[in-house]
Amino acid sequence: MTKLAIKSNKELIYEVLNDPDRKSILNIVTDIFTLIVYHKKLPIHYFGKYLFKKGKTNIKDYFPDDFLYYKFKPFLNEHAVSEVVENKLFFNYYYSQFNISLPKILMFNFRNVFVKDKLNFEITCVTDFVFQLKEIFSHNPSYDSIIVKKTYGSYGGEQVFKINKQQISSDIELISKLYSDVIKTGFIFQETVKQHPELNKLNPSCLNTIRLDTFADKEGKIDIISAYIRMSIKNQPIDNISSGGCQVGIQLKTGKLKKYGYQGFRTSGIHVYTEHPITKTVFEEFKIPYFEEAKELVLKTAGCMPGLRLVGWDVAIGESGPVLIEGNADYEMAGNDLSEDGYRTNAIFRKMMDELNYK
Ligand SMILES: Nc1ncnc2c1ncn2[C@@H]1O[C@H](COP(=O)(O)OP(=O)(O)O)[C@@H](O)[C@H]1O
Ligand SMILES: [Mg+2]
């Protein structure tokens with residue numbers, strides 16, 4: 001998938017001005033001045049967090065994106081161990097030793113050297129690449145597709161591809177392009193996780209993953225801070241917000257979705273939904289299956305690498321329970337700020353602020 005372009009400030013200002021649900025210009029200007037005094041900087045996040053919408057009164061509970069980006073993770077996550085989550089290959093092999101449910105890795109490579117079935121071999125032409133892909137499907141007759149993704153240095157679903165069984169024989173152009181991308185660097189070839197039928201009611205086009213962030217305090221006590229679910233609203237095979245996905249907050253206690261779904265303001269403009277635009281499933285009426293198990297899964301996983309104290313986990317709900325897709329030591333906390341209706345309203349987030357002496 002390719003990332004969406006960032007909209008220009010002019011386009012975004014035009015959208016805000018034409019939004020029928022926005023506060024009055026006077027209120028917007030007053031809010032912005034209030035936040036300039038409060039944060040001592042231009043509050044760009046005022047727009048990305050939809051604070052210009054009528055009814056958004058607790059504007060001081062939200063944080064500027066750069067504050068969230070730079071003021072926590074570098075102090076809480078040891079850089080030297082973050083590779084264990086940032087590298088999708090290391091991630092899978094490290095966490096699988098703790099009996100954590102993860103998608104199976106079928107093959108991986110670095111440039112032209114591939115490893116499959118514990119054997120190492122070289123591939124130098126697309127015909128051999130096709131042969132290996134066909135072999136994966138013949139050894140796994142229940143698979144309709146596989147997921148191919150860049151091992152490291154890629155975020156937001158940018159280098160994640162879903163390849164169907166038929167495409168291997170019928171779409172040589174696609175496979176040739178994939179081959180040329182794959183042999184430039186390292187990729188993993190993974191089984192496609194089939195999601196729980198209930199989640200197909202929300203959105204069937206992709207695996208809708210839940211972003212749960214966890215915080216481990218100095219004593220090693222782990223808490224979940226917040227959760228939101230992501231889904232494509234355009235029939236795409238990935239759910240990432242930067243690729244056009246929509247996020248809906250989850251009530252941690254019940255696993256029920258909150259009322260509103262948001263797309264990324266910078267990439268998709270102003271879009272607030274109360275139901276999925278294609279399936280028409282109403283968010284507020286939707287309860288995530290196996291949510292208790294998903295919470296248990298991240299609490300257990302977060303304890304497996306003590307050097308990482310603040311992590312954003314991506315969890316899918318498979319047909320028989322949660323499956324861990326990835327961990328991010330460098331996750332975009334702005335998304336959680338939005339779905340929590342201001343991170344400051346969250347007790348665990350405030351506990352984290354206290355430890356770092358932030359007011
Ligand atoms: N094994 C898989 N099966 C089905 N869908 C997947 C799988 N892995 C990833 N996806 C889809 O692609 C998205 C992005 O994958 P992820 O591994 O989180 O990469 P990124 O680091 O780019 O976010 C996931 O949120 C999910 O929607
Ligand atoms: Mg991800």
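This is a predicted model, so every value here is computed, not measured. (Residues numbered from 1 in each chain as written. Chains lettered and ligands numbered in written order. Predicted model: local features only at pLDDT ≥ 70, side-chain atom pairs only at ≥ 80, totals over all residues.)

### Here's the deal with the overall build of the protein chain
- A count of helices and strands for the protein chain gives 15 helices and 13 strands.
- Each principal axis of the C-alpha atoms in the protein chain carries an extent, and together these give about 65 × 50 × 35 Å.
- In the protein chain, which comprises 359 residues, the share counted as buried stands at 36%.
- In the protein chain, once contacts between residues fewer than 6 apart in sequence are set aside, the share between residues at least 24 apart is 64%. (Helix = DSSP H or I, 4+ residues; strand = E, 2+ residues; numbered from the N terminus. Buried ≥ 20, exposed ≤ 12 C-beta atoms within 10 Å, placed from the backbone. Contact = placed C-beta atoms within 7 Å.)

### A look at helix α13 (residues 291–302)
- Between the first and last C-alpha of α13 there are 17 Å, a value that for 12 residues agrees with the 16 Å anticipated at 1.5 Å per step.
- Restricting attention to buried positions, one finds in α13 the residues F291, A294, K295, L297, V298, T301 and A302. In a view along the axis of α13, the buried residues occupy a sector of 160 degrees, so they form one face of it.
- Summarising the contacts, the buried residues of α13 are in contact with α7 (88–96), β7 (210–216), β8 (222–231), β12 (310–318) and β13 (321–328). (Expected span 1.5 Å × (residues − 1). Arc of directions from axis to C-beta.)

### Some remarks on the sheet that holds strand β2 (residues 113–116)
- Across the sheet, which stays open at both edges, the 6 strands sit in the order β3-β2-β1-β6-β4-β5 with antiparallel pairing between neighbours. Looking at the sheet topology across the chains shown, the edges are occupied by β3 (119–122) and β5 (160–164). The sheet shows a mean angle of 20 degrees between the axes of neighbouring strands, taken without regard to direction.
- Sheet topology places strand β1 (residues 105–110) next to strand β6 (residues 186–191); 5 bridges connect them, and they run antiparallel. For N109, the partnering residue across the bridge sits in β6 and is F187. (Pairing = 2+ DSSP bridges. Axes fitted to C-alpha atoms, helices over the stretch in contact; angles between N-to-C directions.)

### Considering the nonpolar core
- Core analysis: the biggest nonpolar cluster contains 76 residues, and V148, I229, A294, V315 and L324 have the highest contact counts within it.
- With 6 residues, β12 is the largest single contributor of residues to this core.
- Dropping the residues within four chain positions of it, V315 is found in contact with T209, I210, L212, A294, L297, V298, P322, L324 and I325. (Core = buried A, V, L, I, M, F, W, Y, C linked by C-beta atoms within 7 Å.)

### Some details on the packing of helix α8 (residues 126–139) against helix α10 (residues 172–182)
- Two elements in contact, α8 and α10, have axes whose closest approach is 10 Å; the angle formed by their N-to-C orientations is 100 degrees. In terms of orientation, α8 lies roughly perpendicular with respect to α10. Along the contact surface, α8 presents V126, F129 and V130, while α10 presents I175, S176 and Y179.
- Residues belonging to the contact of α8 with α10 are distributed by class as follows: 5 nonpolar, 1 polar and no charged. (Parallel < 35°, antiparallel > 145°, perpendicular 65-115°, else oblique. Nonpolar A, V, L, I, M, F, W, Y, C, P; charged D, E, K, R; others polar.)

### Things to note about the site of ligand 1
- Lining the immediate surroundings of ligand 1 are 21 residues, of which P103, V193, L207, I238 and D239 lie closest.
- Elements with a contribution of two residues or more to the shell around ligand 1: β4 (145–150) and β13.
- By residue class, the composition of the shell around ligand 1 is 9 nonpolar, 7 polar and 5 charged.
- Here the shell around ligand 1 spans two domains, since at least three of its residues come from each of domain 2 (69–88 + 196–355) and domain 3 (105–191). (Near = placed C-beta within 6 Å. Domains from an automatic or database assignment.)

### Considerations on the pairing of strand β10 (residues 257–263)
- With 4 bridges joining them, strand β9 (residues 246–250) and β10 adopt antiparallel strand pairing. When the sheet's bridge partners are listed, V248 is paired in β10 with G261.
- Here β9 folds back onto β10 in antiparallel fashion, the turn holding 6 residues, of which G255 has a positive phi close to 80 degrees.
- Across 2 bridges, the pairing between β10 and strand β11 (residues 272–273) is antiparallel. Bridging across to β11, G261 finds its partner in Y273.

### Some words on the sheet that holds β7
- As summarised here, the arrangement of the 7 strands in space is β11-β10-β9-β8-β7-β12-β13, forming an open sheet in which the pairing is antiparallel. Each edge of the sheet is formed by a strand with only one pairing partner; in this case those strands are β11 and β13.
- Strand direction decides the pairing type here: β8 and β9, joined by 4 bridges, are antiparallel. Each residue of the ladder has a partner; that of I229, found in β9, is V248.

### Comments concerning the domain arrangement of the protein chain
- Along its sequence, the protein chain is carved into domain 1 (9–62), domain 2 (69–88 + 196–355) and domain 3 (105–191).
- A separation of 25 Å is found between the C-alpha centroids of domain 1 and domain 2.
- Contact residues are listed per partner, giving 11 residues for domain 1 and 12 residues for domain 2.
- At the level of secondary structure, the elements contributing two or more residues to the side of domain 1 that touches domain 2 comprise α1 (9–17) and α3 (45–48).
- Sorting elements by how many residues they give to the side of domain 1 that touches domain 2 places α1 first, with 3 residues.
- Split into classes, the residues belonging to the side of domain 1 that touches domain 2 amount to 5 nonpolar, 2 polar and 4 charged.

### A closer look at the pairing of β2
- For β1 and β2, the ladder comprises 4 bridges, and the chain directions are antiparallel. In the sheet register, F108 faces β2, and the bridge partner there is V115.
- The antiparallel pairing of β1 with β2 creates a hairpin that spans 2 residues between the two strands, and R111 there sits at a positive phi of about 50 degrees.
- As judged from the 4 bridges shared by β2 and β3, these two strands associate in the antiparallel manner. Residue K116 lies in a different strand from β3, and its bridge partner there is L119.
- Here β2 folds back onto β3 in antiparallel fashion, the turn holding 2 residues, of which D117 has a positive phi close to 50 degrees.

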